[in-house]
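Understanding the architecture of this molecule
Chain by chain, the residues run as shown.
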Amino acid sequence: MLIVRPLASFLGLLILLPLVVGDSVSSFTKAHLQSLRAQTKELFDHGWRSYIQFGYPADEVRPLSCIPYGPNYSDSYDLRNDVLGNFSVTLLDLVDTFIIMHDYEGFRKGVDLILSTVTFDSDSAVQVFETSIRALGLLLSLHLFASDRSKGFYIPGYSNELLDLAYELGLKLLPAYSTPSGIPYPRVNLRRGVLAVPSSLQYETCTAGAGLPMLEMALLLRLTGNPSFEEASRNAFMTLWELRTSLNLVPMGLSPVKSRWLGQTTGIGASIDSFYEYALKGAILFDDAELFSVWETSYKALSVSAKADWFYTTVDAETGYLATGWVDSLSAFFPGLQVLAGRLSDAQRTYLLYYKLWGVYGALPERWNFQRQRKSSVKTAVALEWYPLRPEFIESTYHLYRATRDPLYLQVGVAVLKAYQSRFMATCGFAGIQDIRIGTMQDRMESFVLSETFKYLYLLFDEDNIAHQENLKDAIFSTEGHLLWLDRQSLDSYTPASDNVSSDLVSEDSIHENLEPAISELLSQLLSSSVERVKQFSQNFLRNDYGKLRKYYATSRSRLLDYNQMVLETKINKTYMAGLPSELVLVDEDLTDAFEMCEVPSSNPPFSSAFMSWDRFYEIDDRYSHALIAPPYRSAAPLEQEEGFLSIWGANLPQCARRPTTESFEVLFGDKKKLRLAQVDHILGQSREPKLDFEQPKAGDFWVPHLDGIRLRMEKLEPRKIDSRNREVSSDYINALRAQCIVADPLENYDLLGSCDTEEAPKVLRVELINGNAVHENVTIWISRTSVQSLAPNTQIFEGRNGSVLLGSDPIENLRIYEGGPQAGASQSIQV
Ligand code: DMJ
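Parameters at a glance
Residues numbered from 1 in each chain as written. Predicted model: local features only at pLDDT ≥ 70, side-chain atom pairs only at ≥ 80, totals over all residues. Heavy atoms only, no water. Helix = DSSP H or I, 4+ residues; strand = E, 2+ residues; numbered from the N terminus. Buried < 20%, exposed > 50% of the residue type's maximum accessible area, 1.4 Å probe, protein only. Contact = heavy atoms within 4.5 Å. Areas by Shrake-Rupley, 256 points an atom, 1.4 Å probe, with all protein chains shown as cover. Core = buried A, V, L, I, M, F, W, Y, C linked by side-chain atoms within 4.5 Å. Phe/Tyr/Trp six-rings, centres within 6.5 Å; stacked < 30°, edge-to-face > 60°. Lys NZ or Arg CZ within 6 Å of the ring centre and 35° of its normal. Near = heavy atom within 4 Å. Polar contact = N/O pair within 3.5 Å; in protein donor to acceptor, adjacent residues only side chain to side chain. Nonpolar A, V, L, I, M, F, W, Y, C, P; charged D, E, K, R; others polar. Axes fitted to C-alpha atoms, helices over the stretch in contact; angles between N-to-C directions. Parallel < 35°, antiparallel > 145°, perpendicular 65-115°, else oblique. Left-handed = near helix turned anticlockwise from the far one by under 90°. Salt bridge = Lys/Arg side-chain N within 4 Å of Asp/Glu carboxyl O. Pairing = 2+ DSSP bridges. Expected span 1.5 Å × (residues − 1). Bend = angle between axes of the 7 residues up to and from the residue. pLDDT = per-residue confidence, 0-100.

**As for the overall build of the protein**
- The secondary structure content of the protein amounts to 23 helices and 28 strands.
- Across the 832 residues that make up the protein, the buried fraction comes to 59%.
- Within the protein, contacts between residues at least 6 apart in sequence are counted, and of these 74% link residues at least 24 apart.
- Carbon together with sulfur atoms contributes 50% to the accessible area of the protein, which is approximately 32600 Å² in total.

**Some points on the nonpolar core**
- If you look at the biggest cluster of nonpolar residues, it comprises 186 residues, and the most contacted ones within it are I114 and W368.
- At twelve residues, the largest contribution of residues to this core is made by helix α5 (residues 128–146).
- Excluding residues within four positions of it along the chain, I114 makes contact with L91, L92, V95, L138, L139, L142, L162 and L165.
- In this structure, F702, I797, L807 and I817 belong to the second largest nonpolar core, which totals 25 residues.

**Digging into the packing of aromatic side chains**
- In total, this model carries 47 aromatic pairs according to the counting rule given.
- Ring geometry for F44 versus F98: centroids 5.1 Å apart, planes at 80°, classification edge-to-face. Taken together, the residues span a long stretch of sequence, with F44 in helix α2 (residues 30–55) and F98 in helix α3 (residues 91–100) at a distance of 54 residues.
- Ring centres of W295 and Y299 lie 5.0 Å apart, and the angle between their planes is 25°; on these two criteria the pair is classed as stacked. In this pair, W295 and Y299 both sit in helix α11 (residues 289–305), four residues apart, roughly one turn of the helix. An identical accessibility class is assigned to W295 and Y299; each is buried.
- One Lys or Arg, K356, reaches over the ring of F617 and ends 4.3 Å from the middle of that ring.

**Thoughts on the site of the ligand**
- Looking at the ligand, the residues that line it are I133, R134, S274, L330, R390, P391, E392, F448, E452, T479 and E480.
- Contacts to the ligand include T479, whose side-chain N or O atom sits 2.6 Å from an oxygen atom.
- Surface burial for the ligand is 92%, taken as the share of its 290 Å² of free accessible area covered by protein chains.
- The set of elements that each furnish at least two residues to the shell around the ligand consists of α5 and α17 (447–460).
- Considered class by class, the residues forming the shell around the ligand number four nonpolar, two polar and five charged.

**Focus on the packing of helix α15 (residues 392–404) against α17**
- Taken N-terminus to C-terminus, the directions of α15 and α17 make an angle of 20°; their axes are 9 Å apart at the nearest point. By the angle between their axes, α15 is roughly parallel relative to α17. Where α15 crosses over α17, the handedness of that crossing is left-handed. Mapping the contact onto sequence places I394, E395, T397, Y398 and Y401 in α15 and E452, T453, Y456, L457, L459 and L460 in α17.
- Across the contact of α15 with α17, the residue classes break down as seven nonpolar, two polar and two charged.

**As for the pattern of salt bridges**
- The tally for this structure, following the rule as stated, stands at 42 salt bridges.
- With its nearest N and O atoms 3.5 Å apart, the salt bridge here joins D78 to R80.
- Between R766 and E813 there is a salt bridge whose closest N-O contact spans 2.7 Å. With a gap of 47 residues between them, R766 in strand β23 (residues 764–770) and E813 in strand β28 (residues 810–817) connect regions that are remote in the sequence.
- Under the relative-accessibility criterion, R766 is labelled buried at 4%.
- Under the relative-accessibility criterion, E813 is labelled buried at 18%.
- Through salt bridges with shared partners, one network takes in E60, E130, R134, R444 and E446.

**Observations regarding the sheet that holds strand β6 (residues 253–255)**
- The sheet built from three strands is open, its strands ordered β5-β6-β7 with antiparallel pairing. Strand pairing shows two members of the sheet lacking a second neighbour, β5 (205–206) and β7 (260–261), which therefore form its edges.
- As paired strands, β6 and β7 are joined by two bridges and run antiparallel to one another. Bridging across to β7, S255 finds its partner in R260.

**Description of the packing of helix α9 (residues 227–242) against helix α10 (residues 273–286)**
- Where α9 meets α10, the axes come as close as 12 Å, and the angle between the chain directions of the two elements is 115°. By the angle class used here, α9 and α10 are roughly perpendicular. Taken as a pair, α9 and α10 cross one another with a handedness that is left-handed. Within the contact between the two elements, α9 uses F237, L240 and W241 and α10 uses F275, Y278 and A279.

**Here's the deal with α5**
- The terminal C-alpha atoms of α5, which comprises 19 residues, lie 25 Å apart, in line with the 27 Å expected from a rise of 1.5 Å per residue.
- Maximal helix bending in α5 amounts to about 30°, located at L136.
- Counted residue by residue, α5 has 19 buried out of 19 residues, so it is predominantly covered.

**Remarks on the sheet that holds strand β12 (residues 382–384)**
- The strand order across the open sheet built from three strands is β10-β11-β12, with neighbouring strands paired in antiparallel fashion. Strands at the two margins of the open sheet, each flanked by one partner only, are β10 (326–328) and β12. Taking each pair of neighbouring strands and ignoring which way they run, the sheet shows an average axis angle of 30°.

**Remarks on the confidence of the model for the protein**
- Per-residue confidence for the protein averages 80 on the pLDDT scale, and 76% of its residues sit at or above 70.
- Per-residue pLDDT stays below 50 along residues 821–832; that stretch engages in 24 contacts with residues further than four places along the chain or on separate chains.

**Observations concerning the side chain of T40**
- Looking at the element boundaries, T40 is found in helix α2.
- A distance of 2.7 Å separates a polar side-chain atom of T40 from the backbone oxygen of L36.
- The contact partners of T40, leaving out residues within four places of it in the chain, are M101, L417, F454, L457, Y458 and F461.

**Re helix α6 (residues 161–173)**
- For α6, spanning 13 residues, the distance from its first C-alpha to its last is 19 Å, which sits close to the expected 18 Å at 1.5 Å a residue.
- The buried fraction of α6 amounts to eleven of the 13 residues, a majority that puts the element mostly inside the structure.
- Those residues of α6 lying buried are L162, L163, D164, L165, A166, Y167, L169, G170, L171, K172 and L173.
- Its buried side turned inward, α6 meets α4 (104–117), α5, β4 (187–189), α8 (214–224) and α9.

So this is what it looks like as structure tokens:
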């Protein structure tokens, strides 16, 4: 098994675990995992056979009506044409799934079919990035396996035919980069080049699309030696980065002609997702420090500006203000990326929402709306209602399982598997959901179902998979789930079989001359209307959430703060764990115990799920109960509470923290533009000064010399509220802290020194987050006296007694003035 245990308890396990694997028992023994893999393979085979029989050589098969599906030649504006280029895209996306499923025969059949029938001489306008990630990525991955004797998928007599095809496709995509900015046009006609695409389909490239082909294109260069591939795509990626806002954020779409953003919204989901993914994966694949710094900087910027309590939001890239009230399904890939970046606890936290969404909907709505409505319903919660069987949730589940081996992720896999065996199963493949709110199905199976969704599902159940072997340790999964690596040995050995497709289908100049006037005209019309749209939206937003915060602060803090959004809003509900069977919930409305415990299941097996034992595991259910609303046709119990799982993995679990009843709000000091420059240091050790007569910072504390550009999330501690650390706030605690801040200033300089005298209810503030960094228990944020003084008149931040700091008349529990000398920089005496 996966966890090493003393023999005695292992023997105990043998007695406790059922030896026969039933469908409803989550034992996850070797035999059980083997059965789960076999079931996954069976599903994949059903999809593959259906496509070959009823769809091929078209791009897709329609799973409900069993007919082929391809581009819509009668309407060039039909967006399905973006992925359907009439080159059998399902085949060109899925063949490497055979590799992951240890099926050499299937792999050979797939490769033979590609080589004997696929052609890119198609009069279709396709998205450059869709074609790159699906077809180009697959061909490169197949080539790497077919030409490598060490991986078990070598093809005897193979002489680069797959690479030839990739090369041919690469040359057809390359003219898209012929823009003045180097940002690619979004679409290209595979036979007739960029000019054959209507200009109104070329004015905007989404950020993910512009940056995305980089990995595939760069690999194509490394394998074929044609520098144009990497130069073009790398240049586009770095141009995007150069255009970032002062918050280090990159909006979601731009004009390839004008190289300017066409909106300011950003986030981690649709239109931007793979930008972060390829910064990190490119850094790993090519050992590239520049790309790594793009990832690190972006991640930090997102944490500062876009991280709410449980998930990343969409924000305005210039101001950091909340831009929309939804989370989209595509963003579910992000926890997997966080795992790859080594941010494991961040990843688990980000994952939790998607886990809950799957529990509620048995799918992920394309957009889920988290904002509180006057009358909540499934209609208000599901902002975009379809689920086209996207892979992102299972992709992150797989990465998290590999990093933690927590059985709850396997349980998720079982639930996903069951959904494909029942709900999504169709006569000719698998059908996505058309409308989650009422449960209608979609007559479509996109190529990523067979190329990604089943691949990650299988990998989740397969400890010994080829992808987990030592000789693939440097490989990464592309954004479309194709395994890529850099084979340094085979570099420089390639001569293209044919150069019959020329990259100058049309010269760069002529593309530019022909397209630019039309696009400029279109842009000027469009910009005026989109500016209007953005304005309207933000006005609405101001009336809603922003207004709440204004109201909250209006009376006592009229001069205060350039603040942002109200993130938390809490109320005591009768039950604190919505969605759990009542016999498993122990409700103590008096809030007198230190801990409220979930009922402990009676069996006491030796293993358990650590994720599920997290004391905040259920907080999100309650906090977002207004938006986690199940459609009427679903009545599923939470996955972790299913009997067959809980009785085995639920030892001493779950132990739940009480839901916080405190409120939180955000504060931004000084200039927003300084956010990304602000210094927030983590203290790694004690001061080296032998004996200081003032309190010293300790390891784990923060050092923040300047408050300008500092964003804090504050928790408001009031008597009898339950705080985020699961404690009831006592009046004694409040009074003790407030006693410190009574001002005893000999000069009675009340302009600069604060006072706790107030007629308001006494309270204390606590910093929960500082520029995206969580501030844990017993951690102090040290700031300099000068920074307080320089902001004091405008922002109502004051020095209290003994180095304490006040916001208005409230002391801040974990923020203190560092007394280490007048210059207060003190970097010499603190290791930071
Ligand atoms: C896939 O084509 C890829 O995972 C891509 O990166 C994002 N969109 C789809 C699946 O949702």
